[in-house]
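The primary structure of each chain is shown beneath.
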Amino acid sequence: MRISSNFDSGNIEVISASLPDDIKLSIKKDNQSDFYQWFHFKLESRAFLSHRLTITNLKSSAYPDGWKNYQAVASYDRQEWFRVDTEFDGENLIIQHTPEYDHIYFAYFAPYSYERHLDLLAYAQQSSLCQQQFLGETLDGRDMSLLVIGEPEEGKKIIWVTARQHPGETMAEWFIEGFLERLLDENDGVARQLLNKAVFYVVPNMNPDGSVRGHLRTNAHGVNLNREWANPSLASSPEVFYVKQKMLETGVDLFLDAHGDEALPYNFVAGCEGNPGYSPRIKDLEDSFKQHFLLATPEFQDIFGYPKDKPGEANPTVATHAVGQQFDCLAFTLEMPFKDNIDLPDSAYGWSPVRCKQLGEDVMIAMRAVVDMLR
Ligand code: GEM
Ligand code: ZN
């Protein structure tokens, strides 16, 4: 029996793996950070043998509430990721599974590999609607890539969408994949109308280094990019530095920053109610966007989410707050669940890549509803 994780976004520490019904594991911290929660590894054993895998020491993980009612995902072909029997005893996560094949992968959520990221960029730039731009290099020397969709033109609105500041939140890049596939679909009326009215600046992965390293929340130097937007630096957060620099060039009329949430089993958004510049205009835009998103899909809801920030108390280092304040624009953090949307549960797959992609398509309905009112 063997457990490995030396591959794209791999993360596990083997404590003991000699008995199939008593495998003990732990999760490595993000480099130069105390955050840990993302796991992704391969088990090589014998099919049709019952296995019990215990991931230990989770009381101090980044979001312990994330393990309550959580089911791990597994895959034989690295394409289909299904949920497996998982219990949390307050300290350890216990996965009980009898594999159908000798080799099986386990992960916190369906991984989104760097190769798939490069394929997504390559697919998009083949569209006549899309231009790929290099913004700068990350700390590990990877490209920060921007996709510009639509023709910049006087009078068009500027819509920015970023994803995966937190690399373990792979649902964010699955969401972008669905969003791009619809936006680039020349037979889709909603996409075509939006592209007559707006230009889109899309960063499918804000944190390629953390993604490959198997981090939950930080970049190669252990920096949480979603706390760097007030004062990004080339030394610590070049990813944010380059994107913010480009935003200052283009301006921003609507900003959406896609994330995943460990604990809440819902899709929801968090806005800018705590910004000093928050106004009735922005509140109306937020309400209209949410009302139309609610009509577009029952996968979105606006009852459960983060506590509202008090007036003037928004954290100015958070992307949504910084961009919303800087550009006096509609700006949302979008959260998808690591668990499931408990309003529409799927016991076999939970929240999944397919549903992330569908949400990426559906959000376009809300964008279409507000695009004419952004300024
Ligand atoms: C969150 S977003 C920050 C909290 N936002 C509001 N409005 N309360 C983060 O960075 O902590 C996003 C995430 O981690 O997914
Ligand atoms: Zn996040």
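Just so we're clear, the structure is a prediction, and the values are computed from it rather than from any experiment. (Residues numbered from 1 in each chain as written. Chains lettered and ligands numbered in written order. Predicted model: local features only at pLDDT ≥ 70, side-chain atom pairs only at ≥ 80, totals over all residues. Heavy atoms only, no water.)

1. A few points about the packing of aromatic side chains
Then, in step 1: If you walk through the whole model with that rule in mind, you get 22 aromatic pairs.
Then, in step 2: Measuring from centroid to centroid gives 5.5 Å for Y76 and F82, while their planes differ by 40°, and the two rings are tilted.
Then, in step 3: Using a relative accessible area of 21% as the deciding quantity, one classes Y76 as partly exposed.
Then, in step 4: Take F82: its relative accessible area is 16%, and that puts it in the buried class.
Then, in step 5: Pairwise contacts between aromatic rings join F39, F41, W67, Y70, F106, Y108, F109 and F338 into one cluster.
Then, in step 6: For the cation-ring pair, R78 lies above Y105, with the distance from its terminal atom to the ring centre recorded as 5.4 Å.
Then, in step 7: Across the ring face of Y114, the terminal group of R142 is positioned such that the distance to the ring centre comes to 5.5 Å. (Phe/Tyr/Trp six-rings, centres within 6.5 Å; stacked < 30°, edge-to-face > 60°. Buried < 20%, exposed > 50% of the residue type's maximum accessible area, 1.4 Å probe, protein only. Lys NZ or Arg CZ within 6 Å of the ring centre and 35° of its normal.)

2. Side note on the sheet that holds strand β2 (residues 13-16)
Then, in step 1: On the basis of which strands lie adjacent, the open sheet formed by five strands has the order β2-β3-β5-β9-β8 and mixed pairing. Each having just a single partner strand, β2 and β8 (86-88) make up the two edges of the open sheet. Ignoring strand direction, the axes of neighbouring strands in this sheet form an average angle of 25°.
Then, in step 2: Where β8 meets strand β9 (residues 93-97), three bridges bridge the pair, whose relative direction is antiparallel. The residue of β9 that forms the bridge with E87 is I94. (Pairing = 2+ DSSP bridges. Helix = DSSP H or I, 4+ residues; strand = E, 2+ residues; numbered from the N terminus. Axes fitted to C-alpha atoms, helices over the stretch in contact; angles between N-to-C directions.)

3. Here's the deal with the layout of surface pockets
Then, in step 1: By volume, the largest pocket is sized at about 560 Å³.
Then, in step 2: Elements supplying a minimum of two residues to the lining of the largest pocket: β15 (254-261), β16 (268-270) and β17 (330-337).
Then, in step 3: Among the residues making up the lining of the largest pocket, the classes are represented as ten nonpolar, ten polar and ten charged.
Then, in step 4: As a volume, the second largest pocket reaches approximately 430 Å³.
Then, in step 5: For the second largest pocket, the lining is made up of 17 residues, of which R78, Q79, W81, P111 and W174 are closest to its centre. (1 Å grid on protein atoms, 1.4 Å probe; cavity = no way out; pocket = protein on both sides within 12 Å on 5 of 7 lines; lining within 4 Å. Points joined across faces, edges and corners; volume = space filled by probe spheres on them. Nonpolar A, V, L, I, M, F, W, Y, C, P; charged D, E, K, R; others polar.)

4. Observations regarding the coordination of the zinc ion (ligand 2)
Then, in step 1: The zinc ion (ligand 2) binds to the protein through H166 (ND1), E169 (OE), E169 (OE) and H259 (ND1); the donor distances cover 2.0 to 2.5 Å.
Then, in step 2: In the primary structure, the donors to the zinc ion (ligand 2) are separated according to the pattern H-x2-E-x89-H.
Then, in step 3: Assessed through its relative accessible area of 2%, H166 is described here as buried.
Then, in step 4: E169 sits in the buried class, given a relative accessible area of 1%. (Donors = N, O, S within 2.8 Å, 3.2 Å for Na, K, Ca; no water.)

5. Points about empty space enclosed by the protein
Then, in step 1: The final tally for this structure, using the stated rule, is one cavity of 30 Å³ or more.
Then, in step 2: Taken together, W229, K244, M247, L248, A322, V323, Q326 and F327 form the lining of the largest cavity.
Then, in step 3: A per-element tally of the lining of the largest cavity places helix α7 (residues 319-327) first, with four residues.
Then, in step 4: Among the residues making up the lining of the largest cavity, the classes are represented as six nonpolar, one polar and one charged.

6. A look at the site of ligand 1
Then, in step 1: Taken together, H166, E169, R217, N226, R227, H259, G260, A270, Y306, D309, H321 and E335 form the complete shell of residues around ligand 1.
Then, in step 2: Taking R217, its side chain carries an N or O atom lying 2.8 Å from an oxygen atom of ligand 1.
Then, in step 3: Here E335 contributes a side-chain N or O atom positioned 2.8 Å from an oxygen atom of ligand 1.
Then, in step 4: Cavity membership is defined here by more than half of the atoms lying within 2 Å of grid points; on that basis ligand 1 lies in the largest pocket.
Then, in step 5: Of the residues assigned to the shell around ligand 1, the class counts are two nonpolar, five polar and five charged. (Near = heavy atom within 4 Å. Polar contact = N/O pair within 3.5 Å; in protein donor to acceptor, adjacent residues only side chain to side chain. Sits in = over half its atoms within 2 Å of the grid points.)

7. Describing the side chain of K290
Then, in step 1: Within the secondary structure layout, K290 lies in helix α6 (residues 280-296).
Then, in step 2: Ignoring sequence-local partners within four residues, the contact set of K290 consists of V269, F300, D302, K308 and F332. (Contact = heavy atoms within 4.5 Å.)

8. What about the side chain of S4?
Then, in step 1: Structurally, S4 is set in strand β1 (residues 2-4).
Then, in step 2: Given a relative accessible area of 12%, S4 falls into the buried group.
Then, in step 3: Filtering out sequence-adjacent residues up to four positions away, S4 remains in contact with F41, K42 and E44.

9. As for the sheet that holds β16
Then, in step 1: Taken together, the seven strands give an open sheet; going across it, the order is β11-β12-β14-β13-β15-β17-β16, and neighbouring strands pair in mixed fashion. Since the sheet does not close on itself, it has two edges, and those belong to β11 (130-137) and β16, each with one partner. Averaged over all pairs of adjacent strands, the angle between their axes in this sheet comes to 25°, without regard to strand direction.
Then, in step 2: Looking at chain direction, β15 and β17 are connected through eight bridges and run parallel.

10. With respect to the pairing of β15
Then, in step 1: The buried fraction of β15 is high, at eight of eight residues.
Then, in step 2: Strand direction decides the pairing type here: strand β13 (residues 157-163) and β15, joined by five bridges, are parallel. The partner of I159 across the bridge, within β15, is L254.

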